[in-house]
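Here's the letter readout for the chains.
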Amino acid sequence: MTNQLSLAGKTVSPPVVLAPMAGITNLPFRKLCREQGAGIYVCEMITTVALTERNPKTMRLIEFDPDEETRSLQLYGVDPEGVRKAVRMVVEEDLADHVDLNFGCPVPKVTRRGGGSALPWKRRLFEEIVTAAVDTAAERGIPVTVKMRKGIDDDHLTYREAGLIAQDAGVAWVALHGRTAAERYSGTADWDAIADLKELLDVPVLGNGDVWEADDAVRMAAQTGCDGVVVGRGCLGRPWLFGDLEAAFSGRRTRLMPSLGEVAKVMLRHAQLLVEWIAGAESYEARRNIDAEEHGCREFRKHVAWYLKGFPVGGELRRSLAMVSTLNELEDLLGKLDADAPFPESTIGKPRGRTNSPGKVSLPDGWLDDRDDRTVPVGAEIDSSGG
């Protein structure tokens, strides 16, 4: 593959996409990652109902930084007309430059409604949703992409047929996570499926799954021939991974291995960005009289364990950092870390974030009976976005 990817006539170099992650890929985190390296940075998953009903939290989640060159929004919907209405809102109100459709989420509350990674099994419904999005977005030249998994489980694979349907509908690319919904985040991603889809389709194919290091991305590209990579859990507590990815796709061997003191500076920056973002809301937080600094620090707490993974930090200090309520408290606690502690090489190439065991996929009653049934399940839509 080349080290370039095109989207709406713009070059994406390196060919790297930040995967939407609920409760993670908000504006502050995207900004922090973009400060490290270039790519496409996608906001948290937005549901069509929450968007069109102008849910205050959702309207907050679709805010983009003024210097985000490509405003990338991931949309979730199960009803073709609901998707069409949401994309029309994006078009008419100039809310984004790129719409990605979510057909990859394996979470039970999503699949039991027929959404996410369950939906491509209903191939005609899938076709209607993708076509509605592409046709509506085309009115303003907004590219639509699709992110999906291999299928529901090994007995109900959908990625080949869904890839062809999406290509025929006019998507700009197809991204494939090399796991089924049943596998969730367990085991090892199947990169052979990514290679298979790349060989099958004419549109660009992006690979997703087990990109823990920049070298993994380069290896995935070489092994599968994919046109780009989608990075999710690998960047948790490591926004500098995007700097490594930029170097790797440029052929440079340089890799960032920050000391604990350098990581502490990134942690403080992350918390400050969260507080600034929340303080700038017109906002559901303000209306609920929630202190912006306290709320921002609470939002930051989930990131502490990821940042400190493998570093020699005592249990009491770790617990204190994971309970911070103010920036001054955070800065004081970070000052107690051993700034000279080297980056823990034992964590390189290891999974980060959620891991779990395979399990049976929750589906609507009779979901597997008729692949050509276009009926939208009752209660399929979700009225809240993000985490």
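Read on for a plain summary of the structure. (Residues numbered from 1 in each chain as written. Predicted model: local features only at pLDDT ≥ 70, side-chain atom pairs only at ≥ 80, totals over all residues. Heavy atoms only, no water.)

**A short note on the overall build of the protein chain**
Logical step 1: Looking only at helices and strands, the protein chain features 15 helices and eleven strands.
Logical step 2: At 20 Å, the protein chain has a C-alpha radius of gyration in line with the 21 Å of a compact globule built from 387 residues.
Logical step 3: For the protein chain, the C-alpha atoms occupy an extent of roughly 60 × 50 × 40 Å along the three principal directions.
Logical step 4: Looking at the protein chain residue by residue over its 387 residues, the buried ones come to 57%.
Logical step 5: For the protein chain, restricting intrachain contacts to residue pairs at least 6 apart in sequence, the fraction spanning at least 24 positions comes to 74%.
Logical step 6: With the model as given, the accessible surface of the protein chain reaches about 15,700 Å², and the carbon-plus-sulfur share is 46%.
Logical step 7: If the 48 positive side-chain charges of the protein chain are averaged to one point and the 59 negative ones to another, these points end up 3 Å apart. (Helix = DSSP H or I, 4+ residues; strand = E, 2+ residues; numbered from the N terminus. Rg over C-alpha atoms; globule rule 2.2 N^0.38 Å. Buried < 20%, exposed > 50% of the residue type's maximum accessible area, 1.4 Å probe, protein only. Contact = heavy atoms within 4.5 Å. Areas by Shrake-Rupley, 256 points an atom, 1.4 Å probe, with all protein chains shown as cover. Lys, Arg positive; Asp, Glu negative; His and termini not counted. Charge placed at Lys NZ, Arg CZ, Asp CG, Glu CD.)

**Describing the packing of aromatic side chains**
Logical step 1: Counting across every chain of the model gives five aromatic pairs.
Logical step 2: Between phenylalanine 103 and phenylalanine 126, the aromatic rings sit 4.7 Å apart at their centres with planes inclined by 65°, giving edge-to-face as the arrangement. A residue pair is termed long-range when its members are at least 10 positions apart, and phenylalanine 103 in strand E7 (residues 98-103) and phenylalanine 126 in helix H6 (residues 123-137) qualify at 23 residues.
Logical step 3: A residue is classified by how much of its surface remains accessible, and phenylalanine 103, at 2% relative accessible area, is buried.
Logical step 4: Their ring planes at 85° and their centres at 5.8 Å tell us that phenylalanine 311 and phenylalanine 343 sit as a pair that is edge-to-face. Residue phenylalanine 311 is located in the loop between helix H13 (292-308) and helix H14 (315-321), and its partner phenylalanine 343 is located in the segment after helix H15 (327-334); the two are separated by 32 residues in the primary sequence.
Logical step 5: One aromatic cluster in this structure is built from Trp240, Phe311 and Phe343. (Phe/Tyr/Trp six-rings, centres within 6.5 Å; stacked < 30°, edge-to-face > 60°.)

**So, the environment of leucine 200**
Logical step 1: Here leucine 200 lies in helix H8 (residues 191-200).
Logical step 2: What makes leucine 200 partly exposed here is its relative accessible area of 26%.
Logical step 3: Each C-alpha atom, one on leucine 200 and one on alanine 86, is 31 Å from the other, the two residues being 114 residues apart in sequence.

**Describing the pattern of salt bridges**
Logical step 1: Tallying each qualifying case throughout the model produces 29 salt bridges.
Logical step 2: Of the charged contacts, one joins arginine 269 and glutamate 35 as a salt bridge, the two residues approaching to 2.4 Å between their closest N and O atoms. With a gap of 234 residues between them, arginine 269 in helix H11 (residues 260-279) and glutamate 35 in the loop between helix H1 (27-34) and strand E4 (40-41) connect regions that are remote in the sequence.
Logical step 3: Overall, arginine 269 belongs to the partly exposed group, its relative accessible area being 29%.
Logical step 4: For aspartate 196, the salt bridge goes to arginine 160, with nearest N and O atoms at 2.7 Å. (Salt bridge = Lys/Arg side-chain N within 4 Å of Asp/Glu carboxyl O.)

**Quick look at the sheet that holds E4**
Logical step 1: Strand order in the open sheet formed by nine strands is E4-E3-E11-E10-E9-E8-E7-E6-E5, and the pairing between neighbours is parallel. Both outer strands of the open sheet, E4 and strand E5 (46-47), are each paired with one neighbouring strand and no more.
Logical step 2: Pairing of strand E3 (residues 16-18) with strand E11 (residues 228-231) involves three bridges; the strand directions are parallel. The partner of leucine 18 across the bridge, within E11, is valine 231. (Pairing = 2+ DSSP bridges.)

**Side note on H13**
Logical step 1: Counted at 1.5 Å a residue, the expected span for H13 with its 17 residues is 24 Å, and the 25 Å between its end C-alpha atoms agrees.
Logical step 2: At lysine 302, H13 shows its maximal bend, which comes to roughly 40°.
Logical step 3: A side-chain oxygen of the first residue of H13 lies 3.2 Å from the backbone nitrogen of glutamate 293; this N-cap is aspartate 291.
Logical step 4: Positive phi shows up at glycine 310, right after H13, with a value of about 85°. (Expected span 1.5 Å × (residues − 1). Bend = angle between axes of the 7 residues up to and from the residue. Polar contact = N/O pair within 3.5 Å; in protein donor to acceptor, adjacent residues only side chain to side chain.)

**Some remarks on H6**
What sets the pattern is the α-helix's 3.6 residues per turn: residues three or four places apart point alike.
Logical step 1: The first and last C-alpha atoms of H6 sit 21 Å apart over 15 residues, in line with the 21 Å expected at 1.5 Å per residue.
Logical step 2: Of all the positions in H6, only Leu125, Phe126, Ile129, Val130, Ala132, Ala133, Val134, Thr136 and Ala137 are classed as buried.
Logical step 3: In this structure, the buried side of H6 is in contact with helix H4 (80-92), E7, strand E8 (144-149) and helix H7 (159-169).

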